[in-house]
Amino acid sequence: MLSWTTMSRDDFERAVESLVIRVTERGDPRLVARAVDGRGGDGGIDIDIRERATDHVVRIFQLKHFPQGFSGDRKTVRRRQIRESFQRAMDHNPREWTLITPGNLTPDEREYVRSLGGGTPVEVTVWGAAELDGMLAEHPDLADYAERSSLRTALDRVGRSSATLATTDDLVAEARRVHAHSEAWSPYWRPAVSFEDGRPIVRYEALREDSSTREPLHYSFAFVWEGNEKLRDAFSDALDFGVTERLELPPEVVTKMRRVGPEWFSGETGAGTLVLGPGTSLHTPGRVTCVSADGRNLASRRASIERTAVGQRGGTAVITIADGMRVIMQMTKDTGGGTLRFASDSAGLSGTAVRDQFRFLEALSDSSHLRLSFEGSESDLAMSGEHFLPDAGTVSLADDAAAIEQLAGTVFAWPNNYRPSAVERSWIRVTRLILEGKTTLVPDFREFHLDVGGTSDGLDIVMSDGAPVRFTPGTWAVTMFGEELPLGPVMFFHPQMRAIAEPGAAEAIRRGESRTLHFAPADGGPLRIWMPDRSESNDPGPVAVWGIPQIAELI
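This next bit is on the pattern of salt bridges. Within this structure, the stated rule accounts for 28 salt bridges. A salt bridge links Glu205 to Arg190, with the shortest nitrogen-to-oxygen separation between them at 3.2 Å. Placement of the pair is Glu205 in strand β7 (residues 199–206) and Arg190 in strand β6 (residues 189–196), with a sequence separation of 15 residues. Relative accessible area serves as the criterion here: at 28%, Arg190 is assigned to the partly exposed category. Where Asp400 meets Arg429, a salt bridge forms, and the shortest distance between an N and an O atom there is 2.7 Å.

Attention now moves to helix α4 (residues 129–136). When α4 is considered as a whole, its buried residues turn out to be Ala129, Leu132, Met135 and Leu136. All buried residues of α4 project into a common sector of 135° when viewed along the axis, lining one side.

Let us now look at the pairing of strand β3 (residues 57–63). Counted residue by residue, β3 has 7 buried out of 7 residues, so it is predominantly covered. The pairing of strand β2 (residues 47–51) with β3 spans 4 bridges and is classified as antiparallel. By the bridge assignment for β3, Ile47 is matched with Phe61. Two successive antiparallel strands, β2 and β3, enclose a turn made up of 5 residues, where Asp55 displays a positive phi of approximately 65°. Relative to strand β4 (residues 96–100), β3 runs parallel, the two being bridged by 5 bridges. Within β4, the position partnered with Leu63 by the bridge is Ile100.

As a further point, take the confidence of the model for the protein chain. Residues of the protein chain with pLDDT of at least 70 account for 91%, and the chain-wide mean is 84. The spread of mean pLDDT over the elements of the protein chain runs between helix α5 (residues 140–156), the lowest at 58, and helix α10 (residues 392–408), the highest at 94.

Spatial strand order, β17-β16-β15-β14-β13-β18-β19: 7 strands in an open sheet with antiparallel pairing. The strands lining the two open edges of the sheet, one partner per strand, are β17 (338–344) and β19 (377–382). Averaged over neighbouring strand pairs, the angle between their axes works out to 30° when direction is ignored. Two elements, strand β13 (residues 284–291) and strand β14 (residues 297–310), share 8 bridges in a ladder whose sense is antiparallel. In the sheet register, Pro285 faces β14, and the bridge partner there is Ser304.

What describes two packed helices is the angle between their axes and the distance between those same axes. Look at helix α9 (residues 351–365) against α10: their axes get within 7 Å of each other, and the N-to-C directions meet at 140°. One finds that α9 runs oblique with respect to α10. Crossing handedness for the pair α9 and α10: left-handed. Counted together, Gly351, Thr352, Val354, Arg355 and Phe358 of α9 and Thr394, Val395, Ala398, Asp399, Ala401, Ala402 and Glu405 of α10 form the full contact between these two elements. Taken together, the residues of the contact of α9 with α10 break down into 6 nonpolar, 3 polar and 3 charged.

Rules behind the numbers
Residues numbered from 1 in each chain as written. Predicted model: local features only at pLDDT ≥ 70, side-chain atom pairs only at ≥ 80, totals over all residues. Heavy atoms only, no water. Salt bridge = Lys/Arg side-chain N within 4 Å of Asp/Glu carboxyl O. Helix = DSSP H or I, 4+ residues; strand = E, 2+ residues; numbered from the N terminus. Buried < 20%, exposed > 50% of the residue type's maximum accessible area, 1.4 Å probe, protein only. Arc of directions from axis to C-beta. Pairing = 2+ DSSP bridges. pLDDT = per-residue confidence, 0-100. Axes fitted to C-alpha atoms, helices over the stretch in contact; angles between N-to-C directions. Parallel < 35°, antiparallel > 145°, perpendicular 65-115°, else oblique. Left-handed = near helix turned anticlockwise from the far one by under 90°. Contact = heavy atoms within 4.5 Å. Nonpolar A, V, L, I, M, F, W, Y, C, P; charged D, E, K, R; others polar.

Put into structure tokens, the structure is as follows:
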């Protein structure tokens, strides 16, 4: 705890202000605490507490740096100062007034302070060392902050004032001191400490090529894998073929770590986090080409070797390919064989880029080998008939997206894990067909309402047997890929629509009045849709089928 009674006035006020503000604002977010600069006359206020909403003062703290209290020969002068501060504070009409002093008050001193509130509605309280210590115990970081000044004074006397870490210059000076000391540990290794999310990270840099043999450093760990089988497999893979992605093992897996080596390195710790990180990114440019059995190039893309790593059984290379694809190659030392894993990320790509991605994967599935061309050298990796292409439904969706982008002059951003509903998927294909100038069927729009008036020609027919009806709603928009795409004027048509009206509506229309009629296909079939601006005629053409995998046709 802090020694409140031995602190200077400035240190005392700074520590108390920090503590009162912290306790008040964390205790009730509706309040705001403010320390008042008393150089122009503090008006009986050192710290005021206000309501955020109204800015009304609800509590006032008055700080008096009276380490020896206010009794004995100091009684008259100091009690007058306290009384005058209280009287000035009452001009602000607080609900509570609190005196804070460095020491614990005597019963007589406490009684004097409480008597100040006699005849007023204000509540008077006193905080001394005991109250301050109680609150400081809940905020130990403020104790560190408050001790800096007195600690710095002591350290000044031994030439180590920077050890208080009170300023940026102090931090740099101490870091240099620690760095110089740690470099004297070994002629083979240089330690470096950093922090990540508050956790210390220690790295050891080899100073010589033979450091690992002249002064070997070893780690041993105790693991508990139960319930963490995926982490176990990833860790085993990293040991066998090297680390190409960050792997973090939590304390419930790593129950003990032991460092074995020279005295400056050796030690043992309990449960902790073990992080395996990849090496430096390479970004070596090149090209990958899918080659058929007869030597034809089926597809080729720009590529880059991002990382390589070596483990106990073999090595790994991570290659990124244009259009959001990545290939991970693992080669075994003993046999020279290996495996290829392809991964693709379509999120955020345009529909055209996703379609090109799938076309490359299709070519890859048809290839006999993959040719890698980097830094002037080529190597061929034999394929064993793996199938990398997504399902037919996803491939056709990408084809439609690319076609719509070209026909409508737009660009989509492919949503993450995009799985459109059957209706949305149907509208995407319908949009492509009508943009191509074709007539097709409407997936989920069979009935509609129209305002009819001004003529009764054909009214009896359309209300009995039904009649051909065409109409345009003007500009039409379709939602796809998480956004709305305006298409322009479209036309709807059905060869036999029947109108249903409320009683008396037909007579009103015959009199020239307007009424709303409900239209529905007499045969229950779907409407047709086309874009006159993109077709060769204003009339509907032959109906083009959708042809969407896994979705039934309407005809």
